[in-house]
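Spelled out, the chains give:
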Amino acid sequence: MTGLRVMAVDDEQPALEDLAYLLRADPRIGDVLTARDGAAALKLLDRAMADGRPVDAVFLDIRMRGLDGVVLGRLLTQFSRPPKVVFVTAYEDHAVDAFELKAEDYLLKPVRPDRLAEAIRRVCAGSTGVVGERVEHEADTIPVELGGVTRFVTSNEVRYVEARGDYARLHTATGSHLVRIPLAALEERWASAGFLRVHRSHLVAVRHIDELHIDSGKCVVRIGDTEIPVSRRHTRELRDLLVRRARKAKSE
């Protein structure tokens, strides 16, 4: 059998079947084991190791009866050859547990095929990089007018950008500058430099985010003393990026 040997663990049968189906549909997966709870998962993992065919990765629900996913994840780290862990959950409030356990990824239900594919890629590569953020890049330079003098602002200096019609206001640590470039153009131009669109009127440099706060379904990020709203459609992507960024920083 070629490809990854993985296990899906979920105490809800329909969710377990859906996840197993999506995993089997990926050509990088060779074998999919399933378990309805943490205790059954441990037995299968022990048996797989005894047979000389250990599991490469566990796709793990968090809130389960009995042995929950976080506890099981901690137990897996004690294995002589621990499988990689991808948490799959309907809840957002265990993201901290995910990166503390150095999970490869953190997927929210219902699982989107593209996000599952990305999680599998991370398992295959053992990657801890942040999607949408490049460690090294050539800084883009934009000329701005300041008191009749033209100076140059680099993308590395910009913390966030606000839309102003056909213009955009670049915010740095020392001030702001209005330039005649639409926000959509900067979004495309600076995507590889770690900038992410979080709202129809805001583009942020992920590396400058100090805090993300979700309350009653509303999400905001804080950059310095400024709070920036995050639209509902961008919340999941941003949270996933920050979880992986925090996990990467913790492992270095």
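Residues numbered from 1 in each chain as written. Predicted model: local features only at pLDDT ≥ 70, side-chain atom pairs only at ≥ 80, totals over all residues. Heavy atoms only, no water.

The name given to the protein in an unreviewed UniProt entry is DNA-binding response regulator, with Acrocarpospora macrocephala as the source organism.

**Q** I would appreciate a short explanation of the nonpolar core in the present structure.
**A** Burial of nonpolar side chains together is a common tendency in soluble globular proteins. With 21 residues, the main nonpolar core has Met 7, Val 9, Val 58 and Leu 60 as its most contacted residues. Where this core is concerned, the elements lending two or more residues are strand E1 (4–9), strand E2 (29–35), helix H2 (38–50), strand E3 (57–60), helix H3 (69–76), strand E4 (84–89) and strand E5 (105–108). Once residues lying within four places of it in the same chain are set aside, the contact partners of Met 7 are Leu 33, Ala 35, Ala 41, Leu 44, Leu 45, Val 55, Ala 57, Val 58 and Phe 59. Within the second largest apolar cluster, 19 residues are counted, among which are Leu 23, Ile 29, Ala 119 and Val 123. (Core = buried A, V, L, I, M, F, W, Y, C linked by side-chain atoms within 4.5 Å. Buried < 20%, exposed > 50% of the residue type's maximum accessible area, 1.4 Å probe, protein only. Helix = DSSP H or I, 4+ residues; strand = E, 2+ residues; numbered from the N terminus. Contact = heavy atoms within 4.5 Å.)

**Q** Even after reading the chapter, I still don't get the sheet that holds E1, so can you show me in this structure?
**A** What links the strands of a sheet is backbone hydrogen bonding, and the strands pair in either a parallel or an antiparallel sense. As summarised here, the arrangement of the 5 strands in space is E2-E1-E3-E4-E5, forming an open sheet in which the pairing is parallel. Since the sheet does not close on itself, it has two edges, and those belong to E2 and E5, each with one partner. Between one strand axis and the next, the sheet turns through 20° on average, direction left out of account. With 4 bridges connecting them, E1 and E3 associate as parallel partners. Directly across from Val 9, in E3, lies its bridge partner Leu 60. Strand contacts of H3: E3 and E4, with the helix running at about 165° to E3, the strand carrying the most contacts. Its contacts with the sheet place helix H5 (residues 113–125) against E1, E2, E3, E4 and E5, and it is angled at close to 165° to E5. (Pairing = 2+ DSSP bridges. Axes fitted to C-alpha atoms, helices over the stretch in contact; angles between N-to-C directions.)

**Q** How do you make sense of the UniProt feature "modified residue: 4-aspartylphosphate" (unreviewed entry) in the protein when you look at a structure like this?
**A** What UniProt calls "modified residue: 4-aspartylphosphate" (unreviewed entry) maps, in this numbering, to Asp 61. Checked against the element boundaries, Asp 61 lands in the loop between E3 and H3. Excluding anything up to four places from it in sequence, Asp 61 contacts Val 9, Asp 10, Asp 11, Gly 69, Val 88, Thr 89 and Lys 109. (UniProt positions renumbered as here; feature names shortened; annotations may be inferred.)

**Q** Just to check I follow, could you spell out the sheet that holds strand E12 (residues 202–205) for this structure?
**A** Across the sheet, which stays open at both edges, the 5 strands sit in the order E10-E9-E8-E12-E11 with antiparallel pairing between neighbours. With one partner strand each, in any of the chains shown, strand E10 (176–179) and strand E11 (195–199) form the two edges of the open sheet. If you compare each strand with its neighbour and ignore which way they point, the axes differ by 25° on average. Here strand E9 (residues 167–171) pairs with E10 via 4 bridges, running antiparallel. Its bridge partner being in E10, His 171 is matched across the sheet by Ser 176.

**Q** Explain the confidence of the model for the protein to me, please; I cannot follow it from the model alone.
**A** Do not read the fine detail of predicted coordinates wherever pLDDT is low. Mean pLDDT for the protein: 83, with 85% of residues reaching 70 or above. Low pLDDT, under 50, characterises residues 127–137; the predicted model gives this stretch 33 contacts beyond four residues in sequence or across chains. (pLDDT = per-residue confidence, 0-100.)

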